[in-house]
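# Descriptive analysis of the structure
So the chains spell out like this:
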Amino acid sequence: MPAAVLYGKEELRIERVAVPAVGPSDILVQVKAALTCGTDLKVYRRGHHARMITPPAILGHELAGDIVEVGSAVKHFQVGNRVVAANSAPCFKCFFCWCDQKNLCENLLFNNGAYARYVKIPGPIADCNTHRIPDHADGVPTS
Ligand SMILES: [Zn+2]
Ligand SMILES: [Zn+2]
């Protein structure tokens, strides 16, 4: 599949890469919309992000699309669901998570890869930070 792979400072290459393999708790989303946020721009200009992405890696983390594959253990999503996925998930184990301040989690799991035809949403993000897009909501084309 085609993807925009970040190699370093202002070095983004369009390449063919393998479609990500899906583990038991992961979902695979066909990207219908991928946006560029301020963090993406900052990462592109700097060539890296201390916690969020280590090049070479497919850039992009603001996305919506259709689920095309679900892992064998996924119960709450199915193929064909329209979803929006955040780019991180808290660990639920650190001090801040225990204090219900998950936005300050010390072990956030990050995901990138939205600038591609398909993106894998890791199980922890699929479990707590991926949401169905209601059928009545416009804005993301259906397949
Ligand atoms: Zn962002
Ligand atoms: Zn945590």
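Look above for the structure.
Residues numbered from 1 in each chain as written. Chains lettered and ligands numbered in written order. Predicted model: local features only at pLDDT ≥ 70, side-chain atom pairs only at ≥ 80, totals over all residues. Heavy atoms only, no water.

### As for the sheet that holds strand 4 (residues 57-58)
Note on sheets: strands pair through backbone hydrogen bonds, and any given pair is parallel or antiparallel. Operational definition: Each pair of strands is called paired provided DSSP finds at least two bridges between the two strands. Only DSSP runs of H or I reaching four residues or more are called helices, and only runs of E reaching two or more are called strands; each is numbered from the N terminus.
Read from one edge of the open sheet, 3 strands run 2-1-4, paired in antiparallel fashion. The two strands at the open ends of the sheet, each matched to only one other strand, are strand 2 (11-16) and strand 4. Relative to strand 2, strand 1 (residues 2-8) runs antiparallel, the two being bridged by 6 bridges. Pairing of L6 across the sheet is with L12, part of strand 2.

### Things to note about the coordination of the zinc ion (ligand 2)
Here is the rule: Metal donors: N, O and S atoms at distances within 2.8 Å, or within 3.2 Å for Na, K and Ca, with water omitted from the atom set so that some sites may seem incomplete. All geometry calls rest on donor angles, where a four-donor set with angles between 85 and 135 degrees is tetrahedral, four- and six-donor sets with opposite donors more than 155 degrees apart and all others between 65 and 115 are square planar and octahedral, and all else is irregular. Each residue gets one of three labels from its accessible area relative to the maximum for its type: buried under 20%, exposed over 50%, partly exposed in between, using a 1.4 Å probe on protein chains only.
For the zinc ion (ligand 2), the full set of protein donor atoms is C91 (SG), C94 (SG), C97 (SG) and C105 (SG), and the range of their distances to it is 2.3 to 2.4 Å. Here the zinc ion (ligand 2) binds 4 donor atoms, and the angle range of 102 to 117 degrees at the metal identifies the geometry as tetrahedral. Within one chain, the residues serving as donors to the zinc ion (ligand 2) are arranged as C-x2-C-x2-C-x7-C. Remark: C105 occurs in the loop between helix 2 (95-98) and strand 8 (109-110) and C94 occurs in the loop between strand 7 (88-89) and helix 2; sequence separation between them is 11 residues. What makes C105 buried here is its relative accessible area of 4%.

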